[in-house]
Amino acid sequence: MQSSRLIPTSRATAAATRCLVVSAFAVPMRTSLSPSRARVVSSAASAGAGAAMALESQPSPRAMADAQARDRHPPDPALVASSGLCVEDPSEADLETLRRQLGYTPHPLAVGARCRHGFPQAFVWDPLSRQEGGRAKRVPVDSGLFRLTCPLLVKAIDEWEAEGAVASLNQRVAAAQQAGDGTMHNHLVDANRRHAQARRALVGARVYALAESEPDRPATPPRPKRTGPPVAAVPPTRAELTELVLDSGVAGMSPAKAEVKCLHAQVADHLCRGRTNPMGALIIDEVAARGVAVNGDSVCRQQCDGACSKEAASFWYVPVKNKHKLRTRIVNRKERRKAMLGLQPQPAGAAAVAGLPPGPEDAVAV
């Protein structure tokens, strides 16, 4: 089986710090080893560790199926060129680094730019991973595509977002637009367009192949909404929803929407598309102005380096944003359950657990 590699455009290459490639075999565990990896296995075998290395290199059934699907539908060269996509295959060391950065084992298609220590700062999430994992979804493709993983950048951006950075940057965009300068506005719209092109380049053919394999599958009706306008009487079809997701921009935004929405997403897009997202570049410059070594410092590598244990590391960051989202989701779930059972207010309820003043929603069954 032969892999095909796509080289980034000269524009993207000139903007990137190093030449990256995107491969049809960008899978967490390859069905065939690269020459360098094969040499490692060969060396280990000659040292008496051949059996252990052979066991380590065996891919899971899911990884093999995903690899075969990606091999049948390689990235579209024209879309790769127009989107500025600039990523490379993840190595075994990259997978270990991502696991340490995220706290779980992801299933990346590829990794983006690297820091000065050589560790990936962002990666390409497979938007079809949940669907191909056997879990049916209303839409077969996720809107998420790139994810920022560098702990140093994630920490700095978490802190800046907590100070209202998203609203502040959106105000700057709006103020410039009102003053007759649409540069930032146009940059955001262009980033959304190119982000959508990158998504189609990576998974568009696989999405359509998946749709052809289940042509008669009806669309799952949307859940009733508790607030806001009522759900449409005739829900969109799976094909219509799929096109909407494929055409969505950074962080799932509408293509023409000129908003920042999420600093992490803008920077991740910047690092996976040859550093061609002006808003992502602006955010990195602003973070650097706050005193952060955006390309790595002397201690941040401890979290990414598999040779350093978590107990011995002096730097190890767990994203606060994700923790807050999880806690909020748990609290909301408890409140919904109480509302379904018939409840009576009490002072120590879910809101108290979340550190909020008690209200009518904090109740116990009577």
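First things first, this report covers the structure right here in the doc.

Rules and cut-offs
- Counting restarts for each chain, with residues numbered from 1 along the sequence as it is written.
- Per-residue local features are limited, in this predicted model, to residues with pLDDT of at least 70; the limit for side-chain atom pairs, both in listing and counting, is 80 or more; totals at the level of whole chains, interfaces and linings are taken over all residues.
- Neither water nor hydrogens contribute to the side-chain values; these are computed over all heavy atoms in the structure.
- Numbering goes from the N terminus for both helices and strands, where a helix is a DSSP run of H or I of at least four residues and a strand is a run of E of at least two.
- Three exposure classes are used, based on accessible area relative to the maximum for each residue type with a 1.4 Å probe and protein chains only: buried under 20%, partly exposed in between, and exposed over 50%.
- Contacts are residue-level and defined by heavy atoms, with any inter-residue pair within 4.5 Å sufficient.
- Working definition of accessibility: Shrake-Rupley area with a 1.4 Å probe, residue cover restricted to the visible protein chains.
- For every element, the axis is a line fit to its C-alpha atoms; helices are fit only across the contacting stretch, and the angle between N-to-C directions ranges from 0 to 180 degrees.
- Angle categories are assigned with fixed cut-offs, so that under 35 degrees is roughly parallel, over 145 is roughly antiparallel, 65 to 115 is roughly perpendicular, and the rest are oblique.
- Put simply, Ala, Val, Leu, Ile, Met, Phe, Trp, Tyr, Cys and Pro go in the nonpolar bin, Asp, Glu, Lys and Arg in the charged bin, and everything else, Gly too, in the polar bin.
- Nonpolar cores are built from buried Ala, Val, Leu, Ile, Met, Phe, Trp, Tyr and Cys residues. Side-chain atoms within 4.5 Å join them into one set.
- Pairing between two strands is assigned when DSSP locates at least 2 bridges connecting them.
- Residues qualify for a patch when their relative accessible area is over 30% and they have no salt bridge, like charges being joined within 9 Å and the nonpolar side chains of Val, Leu, Ile, Met, Phe, Trp and Tyr within 5 Å.
- Criterion for a salt bridge: a side-chain nitrogen of Lys or Arg within 4 Å of a carboxyl oxygen of Asp or Glu.
- Think of it this way: Lys and Arg go in the positive column, Asp and Glu in the negative one, and His and the chain ends go nowhere.
- Charge positions are represented by NZ for Lys, CZ for Arg, CG for Asp and CD for Glu.
- Here a cavity denotes grid points, spaced 1 Å and computed from the protein atoms alone, that fit a 1.4 Å probe unable to get out, and a pocket denotes an open set having protein on both sides within 12 Å along at least 5 of 7 lines; residues with an atom within 4 Å of a point are the lining.
- Grid points are joined across faces, edges and corners, and a volume is the space filled by probe spheres set on the points.
- Nitrogen and oxygen atoms within 3.5 Å of one another constitute a polar contact, given that in protein one can donate a hydrogen and the other can accept it, and given that sequence-neighbouring residues count only through two side-chain atoms.

Right, let's talk about the overall build of the chain for a bit. Helix and strand counts for the chain come out as 15 helices and seven strands. Here the chain holds 366 residues, and the buried ones make up 42% of them. The contacts in the chain between residues at least 6 apart in sequence include a share of 66% that link residues at least 24 apart. Summing over all exposed atoms, the chain offers an accessible surface of approximately 18,800 Å²; the carbon and sulfur share of this is 57%.

Below, the discussion takes up unusual backbone geometry. Notably, Ala251 is not glycine yet its phi reads approximately 60°, a positive angle. Looking at where Ala251 falls in the secondary structure, it is placed in the loop between helix 10 (238-246) and helix 11 (263-272). Here Arg275, not a glycine, exhibits a phi torsion of approximately 55°, which is positive. Looking at the secondary structure, you find Arg275 in the loop between helix 11 and helix 12 (278-289).

We now examine helix 11. The buried fraction of helix 11 is high, at ten of ten residues. All of the buried residues along helix 11 are Leu263, His264, Ala265, Gln266, Val267, Ala268, Asp269, His270, Leu271 and Cys272. Positive backbone phi, approximately 65°, marks Gly274, located one or two places after helix 11.

Where helix 7 (residues 151-162) contacts helix 12, the two axes come as close as 11 Å, and the packing angle between them is 90°. If you check the angle between helix 7 and helix 12, you find them roughly perpendicular. Counting all contacts with helix 7, which are made through Ala156, Ile157 and Trp160, the residues of helix 12 involved are Ile283, Glu286 and Val287. Across the contact of helix 7 with helix 12, the residue classes break down as five nonpolar, no polar and one charged.

Ranked by size, the top nonpolar core spans 48 residues in total, and within it Val124, Phe146, Leu148, Val203, Leu263, Leu271 and Ile283 carry the most contacts. Here this core takes seven residues from helix 9 (residues 183-213), the largest share from any one element. Setting aside chain neighbours within four positions, we find Leu263 in contact with Ile157, Trp160, Glu161, Ala165, Val166, Leu169 and Ile283.

Here the focus is the sheet that holds strand 3 (residues 108-111). Across the sheet, which stays open at both edges, the three strands sit in the order 3-4-5 with antiparallel pairing between neighbours. Here the strands that pair on one side only, and so sit at the sheet edges, are strand 3 and strand 5 (146-148). When strand polarity is set aside, the average angle formed by the axes of neighbouring strands in this sheet is 30°. Where strand 3 and strand 4 (residues 122-125) come together, three bridges link them in antiparallel fashion. When the bridges of strand 4 are listed, Pro108 appears paired with Trp125. Strands in contact with helix 11 are strand 4 and strand 5; relative to strand 5, the strand with the most contacts, it is inclined by about 110°.

To continue, consider a positive patch on the surface. Taken together, the side chains of Arg329, Arg333, Lys334, Arg336 and Arg337 define a basic patch exposed on the protein surface. Within the fold, Arg333 resides in helix 14 (residues 320-341). Residue Arg333 is classed as partly exposed on the basis of its relative accessible area, which comes to 34%.

Once that is clear, we can look at helix 5 (residues 92-102). Among all positions of helix 5, only Asp94, Leu95, Thr97, Leu98, Arg100, Gln101 and Leu102 are buried. Buried residues along helix 5 sit in contact with strand 3, strand 4, strand 5, helix 7 and helix 13 (301-304). Residue Gly103 follows helix 5 closely and has a positive phi angle near 90°.

A few words on empty space enclosed by the protein. Evaluation of the coordinates by the stated rule reveals three cavities of 30 Å³ or more. Approximately 50 Å³ is the volume found for the second largest cavity. Surrounding the second largest cavity, Gln101, Cys115, His117, Phe119, Pro120, Cys150, Pro151, Leu152, Cys300, Arg301 and Cys304 form its lining. Elements that contribute at least two residues to the lining of the second largest cavity include exactly helix 7 and helix 13. Per-class residue counts for the lining of the second largest cavity are eight nonpolar, two polar and one charged.

Here we come to the side chain of His270. By the secondary structure assignment, His270 is in helix 11. Setting aside residues up to four positions removed in sequence, His270 forms contacts with Arg275, Thr276, Asn277, Gly280, Ala281 and Ile284.

This paragraph deals with the side chain of Ser83. Relative to the elements of secondary structure, Ser83 occurs in helix 4 (residues 77-83). Judged by its relative accessible area of 0%, Ser83 falls in the buried class. Polar contacts involving the side chain of Ser83 include one to the main-chain amide nitrogen of Leu85, which spans 3.2 Å. Ignoring sequence-local partners within four residues, the contact set of Ser83 consists of Arg194, Gln197, Ala198 and Arg273.

Counted under the stated rule, the structure contains 13 salt bridges. Across the pair Asp126 and Arg206 runs a salt bridge whose closest N-O atoms are separated by 3.2 Å. Note that Asp126 is positioned in the loop between strand 4 and helix 6 (129-132) and Arg206 in helix 9, a separation of 80 residues in sequence. You'll find Asp126 and Arg206 in the same group, each marked buried. Asp190 is the partner of Arg193 in a salt bridge, and the nearest nitrogen-oxygen pair spans 2.5 Å. Taken together, the positions of Arg193 and Asp190, both in helix 9 and three residues apart, correspond to about one turn of that helix. Within the structure, one salt-bridge network assembled from shared partners comprises Glu88, Asp94 and Arg114.

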